[in-house]
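# Coordinates in review
In case you want the letters, here they are:
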Amino acid sequence: GENVEQHPSTLSVQEGDSAVIKCTYSDSASNYFPWYKQELGKGPQLIIDIRSNVGEKKDQRIAVTLNKTAKHFSLHITETQPEDSAVYFCAATGSGGYQKVTFGTGTKLQVIP
Amino acid sequence: NAGVTQTPKFQVLKTGQSMTLQCAQDMNHNSMYWYRQDPGMGLRLIYYSASEGTTDKGEVPNGYNVSRLNKREFSLRLESAAPSQTSVYFCASRSSSTDTQYFGPGTRLTVL
């Protein structure tokens, strides 16, 4: 099955700086890569996703890049704000199509005011 | 729209007791999922249901059973709870048009 590794496990940045979270996946058949944000005491919520036919996608201060050859994808958050503090999860579909995703182990981001 | 709802929010069980976690969605999604979340291990899939009437095992199904009661409801049952099942359980449903999974607020379960 698919294996997703996520780094770093914790990340502290000053408000206004950028944050980068990296993930690698094992199954070359993976074709959908969502990123979820989980605030304390809540369920994860999708913030951005990318499909295998696209190399980069942006949504305001958030961007995701995908390198299919190297089998890695990254989340970039610019101009970080205290409300960006949360746990972020990457995920990949594996060869099972869009029905299931395998999640990374999460990155706890702390934005210091 | 309430989205995905889960009951109960918290539960404490003794080893060997049984219980059912309830989940319902009002978004008319075909696919529903049960995950467990443990520190440092991310979200691991227990069972999923691609449509009403079907269920399939995920990564960590042992010790659990599920029922897709109808299109809205997907329940998770622990027949004989063990301390290793202490975790936070999340239910989710998936939009077939966007592939986005929508998560419920979670159930925090402690097995003593």
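Structure: above.
What this report covers is the structure whose coordinates are included nearby. Predicted, not measured: the structure shown is a model, and the values here were computed from it.

Broken down by element type, chain B carries zero helices and 11 strands. Listed N to C, the secondary structure of chain B is β-β-β-β-β-β-β-β-β-β-β in terms of helices and strands. Taking 2.2 N^0.38 as the reference for a compact globule, 112 residues should give roughly 13 Å; the C-alpha atoms of chain B span a radius of gyration of 13 Å, in line with that estimate. Overall, chain B is about 40 × 25 × 25 Å in size when its C-alpha atoms are taken along their principal axes.

If you walk through the whole model with that rule in mind, you get two disulfides over all chains. At a sulfur-sulfur separation of 1.9 Å, the disulfide partner of Cys23(A) is Cys90(A). On the sign convention where negative is left-handed, the bridge of Cys23(A) and Cys90(A), at about -100 degrees about the S-S bond, is left-handed. One end of the pair, Cys23(A), is in strand S3 (residues 19-25); the other, Cys90(A), is in strand S9 (residues 86-92), and 67 residues separate them in sequence. Neither Cys23(A) nor Cys90(A) differs from the other in exposure class; each is buried. Put simply, Cys23(B) and Cys91(B) are joined by a disulfide, and their sulfur atoms are 1.8 Å apart. Here Cys23(B) and Cys91(B) share a disulfide; its torsion about the S-S bond, -70 degrees, makes the bridge left-handed.

This brings us to the interface of chain A and chain B. Taken residue by residue, the interface counts 18 residues in chain A and 20 residues in chain B. Taking both partners together, chain A and chain B bury about 1,500 Å²; carbon and sulfur atoms supply 53% of that area. Considering only the side of chain A, the residues that lose the most area to chain B are Gln99(A), Lys100(A) and Phe103(A), jointly responsible for 35% of the buried surface there. Remark: the boundary between chain A and chain B carries one salt bridge. Where chain A meets chain B, there are four residue pairs in polar contact (both at pLDDT 80 or more). Grouping the amino acids of the side of chain A that touches chain B by side-chain chemistry returns eight nonpolar, six polar and four charged.

A complete count under the given rule lists 14 aromatic pairs over all chains for this structure. Measuring from centroid to centroid gives 5.6 Å for Trp35(A) and Phe73(A), while their planes differ by 70 degrees, and the two rings are edge-to-face. Note that Trp35(A) is positioned in strand S4 (residues 32-38) and Phe73(A) in strand S8 (residues 72-77), a separation of 38 residues in sequence. Trp35(A) sits in the buried class, given a relative accessible area of 0%. Members of the aromatic cluster, connected to one another through ring pairs, are Tyr36(A), Phe89(A), Phe103(A), Tyr33(B), Tyr35(B), Tyr48(B), Phe90(B) and Phe103(B).

It is worth spelling out the pairing of strand S2 (residues 10-14) of chain A at this point. Residues and elements named next belong to chain A. Side chains of S2 alternate between two faces, with Leu11 and Val13 buried and Thr10, Ser12 and Gln14 left unburied. Two strands pair when backbone bridges link them, and S2 and strand S11 (residues 107-112) are joined in this way by five bridges, in the parallel orientation. Within S11, the position partnered with Ser12 by the bridge is Gln110.

Rules and cut-offs
- Residues numbered from 1 in each chain as written.
- Chains lettered and ligands numbered in written order.
- Predicted model: local features only at pLDDT ≥ 70, side-chain atom pairs only at ≥ 80, totals over all residues.
- Heavy atoms only, no water.
- Helix = DSSP H or I, 4+ residues; strand = E, 2+ residues; numbered from the N terminus.
- Rg over C-alpha atoms; globule rule 2.2 N^0.38 Å.
- Disulfide = S-S within 2.5 Å.
- Buried < 20%, exposed > 50% of the residue type's maximum accessible area, 1.4 Å probe, protein only.
- Contact = heavy atoms within 4.5 Å.
- Buried area = accessible area lost by both parts, 1.4 Å probe.
- Salt bridge = Lys/Arg side-chain N within 4 Å of Asp/Glu carboxyl O.
- Polar contact = N/O pair within 3.5 Å; in protein donor to acceptor, adjacent residues only side chain to side chain.
- Nonpolar A, V, L, I, M, F, W, Y, C, P; charged D, E, K, R; others polar.
- Phe/Tyr/Trp six-rings, centres within 6.5 Å; stacked < 30°, edge-to-face > 60°.
- Pairing = 2+ DSSP bridges.

Keep in mind these values describe shape, not function.
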